[in-house]
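Listed below are the residues making up each chain.
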Amino acid sequence: DAGVTQSPTHLIKTRGQHVTLRCSPISGHKSVSWYQQVLGQGPQFIFQYYEKEERGRGNFPDRFSARQFPNYSSELNVNALLLGDSALYLCASSFGRENTEAFFGQGTRLTVV
Amino acid sequence: AQSVTQLGSHVSVSEGALVLLRCNYSSSVPPYLFWYVQYPNQGLQLLLKYTSAATLVKGINGFEAEFKKSETSFHLTKPSAHMSDAAEYFCAVNISPWSGGSNYKLTFGKGTLLTVNP
């Protein structure tokens with residue numbers, strides 16, 4: 001059974017560009033959450049989507065946006081990239097909204113130059 | 001609001017020695033607590049979770065953790081370290097589903113890097 005899959009695995013972008021990261025949750029899971037992990041830190045919550053609606057948002061600027069599709073996959077979009085956006089972006093899926101057991105993907109390593 | 005403090009950004013033990021990774025949490029409502037492990041260039045793998053049932057929780061790879069409400073702690077232990085345990089460990093807190101809250105998200109500590117010496 002496939003786990004959480006994220007694409008791409010690595011990405012290099014230039015300041016000011018836009019990026020789209022993708023996540024496919026475990027089959028049957030309806031909740032997808034996004035986290036940003038800067039080097040040397042713990043993951044920070046960005047968004048949660050459940051049943052295609054935004055259910056939670058962390059302390060991130062409006063340059064960050066996301067959506068969830070009818071098949072429960074999700075995209076994270078970041079506009080006007082800054083050097084400080086360089087990080088590992090993690091997607092987590094869970095069955096219900098309560099995130100009582102979240103399973104993480106391998107992450108997308110974004111480098112902004 | 002919730003927060004997690006992991007005491008010690010780096011813990012070094014000898015192979016076969018006891019592993020103790022410390023985690024203290026702050027939560028205004030009953031929490032769910034988690035330990036995750038992260039190997040280099042990988043995502044997070046769930047080791048164990050506390051969901052208000054037994055206070056002593058057993059996880060994978062011989063790890064266990066004890067929830068102590070009076071101390072607001074959830075320390076991770078393993079009786080005998082293996083070389084393969086070398087990784088970064090994260091403690092995380094979420095609100096429990098029966099807390100009456102609506103913002104379900106994992107709040108992580110800064111992590112503890114565990115090195116195991118031969």
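Being a predicted model, the structure only gives us computed values, none of them experimental.

Draft legend 1. Representation of the overall build of chain B. Scanning chain B from N- to C-terminus turns up zero helices and eleven strands. Overall, chain B shows an N-to-C arrangement of helices and strands of β-β-β-β-β-β-β-β-β-β-β. Over its C-alpha atoms chain B spans a radius of gyration of 14 Å, differing by no more than 12% from the 13 Å that the globule rule assigns to 118 residues. Structurally, chain B occupies a C-alpha span of about 50 × 30 × 20 Å along its principal axes. Within chain B, the fraction of its 118 residues that count as buried is 45%. Contacts in chain B between residues far apart in sequence, at least 24 positions, make up 58% of those at least 6 positions apart.

Draft legend 2. Broad picture of the overall build of chain A. Per the secondary structure count, chain A includes zero helices and eleven strands. Counted from the first residue to the last, chain A has its helices and strands arranged as β-β-β-β-β-β-β-β-β-β-β. Over its C-alpha trace chain A gives a radius of gyration of 13 Å, about what one expects of a compact globule, namely 13 Å for 113 residues. Along the longest, intermediate and shortest principal axes, the C-alpha atoms of chain A span 35 × 25 × 25 Å. By residue count, 51% of the 113 residues in chain A fall in the buried class. For chain A, the share of sequence-separated contacts (at least 6 apart) that also reach a separation of at least 24 residues comes to 53%. Accessible surface computed for chain A: about 5300 Å², of which carbon and sulfur atoms make up 49%. Both charge centroids of chain A, one from 11 positive and one from 9 negative side chains, sit 7 Å from each other.

Draft legend 3. Quick look at the environment of B:Val29. Within the secondary structure, B:Val29 sits in the loop between strand S3 (19-27) and strand S4 (31-38). Overall, B:Val29 belongs to the partly exposed group, its relative accessible area being 25%.

Draft legend 4. Looking closely at the interface of chain A and chain B. Across the contact, 21 residues belong to chain A and 21 residues belong to chain B. In total, chain A and chain B occlude about 1800 Å² of area from one another, counting both sides; carbon and sulfur atoms represent 52% of this. Counting the surface chain A buries against chain B, the share from its top three residues, A:Glu98, A:Thr100 and A:Phe104, is 26%. Put simply, chain A and chain B have one salt bridge between them. Listed by contribution, the elements that provide at least two residues to the side of chain A that touches chain B are strand S4 (31-37), strand S5 (44-50), strand S6 (53-57) and strand S9 (87-94) of chain A.

Draft legend 5. Structural view of the state of the cysteines. For the coordinates displayed, the defined rule picks out two disulfides over all chains. Here A:Cys23 pairs with A:Cys91 through a disulfide, and the sulfurs are 1.8 Å apart. In this structure the cystine formed by A:Cys23 and A:Cys91 twists about its S-S bond by roughly -65 degrees; its chirality is therefore left-handed. Pair noted here: A:Cys23 is in strand S3 (residues 19-24) and A:Cys91 is in strand S9, with a separation of 68 residues, a long-range link. Per residue, the accessibility class of A:Cys23 equals that of A:Cys91, and both read buried. A disulfide bridge connects B:Cys23 with B:Cys91, and the sulfur atoms are separated by 2.0 Å. Across the disulfide from B:Cys23 to B:Cys91, rotation about the S-S bond amounts to roughly -60 degrees, and the bridge is consequently left-handed. You can see B:Cys23 sitting in strand S3 and its partner B:Cys91 sitting in strand S9 (residues 87-95), a full 68 residues away along the chain. The pair B:Cys23 / B:Cys91 is uniform in exposure class, with both members buried.

The rules behind the values
Residues numbered from 1 in each chain as written. Chains lettered and ligands numbered in written order. Predicted model: local features only at pLDDT ≥ 70, side-chain atom pairs only at ≥ 80, totals over all residues. Heavy atoms only, no water. Helix = DSSP H or I, 4+ residues; strand = E, 2+ residues; numbered from the N terminus. Rg over C-alpha atoms; globule rule 2.2 N^0.38 Å. Buried < 20%, exposed > 50% of the residue type's maximum accessible area, 1.4 Å probe, protein only. Contact = heavy atoms within 4.5 Å. Areas by Shrake-Rupley, 256 points an atom, 1.4 Å probe, with all protein chains shown as cover. Lys, Arg positive; Asp, Glu negative; His and termini not counted. Charge placed at Lys NZ, Arg CZ, Asp CG, Glu CD. Buried area = accessible area lost by both parts, 1.4 Å probe. Salt bridge = Lys/Arg side-chain N within 4 Å of Asp/Glu carboxyl O. Disulfide = S-S within 2.5 Å.

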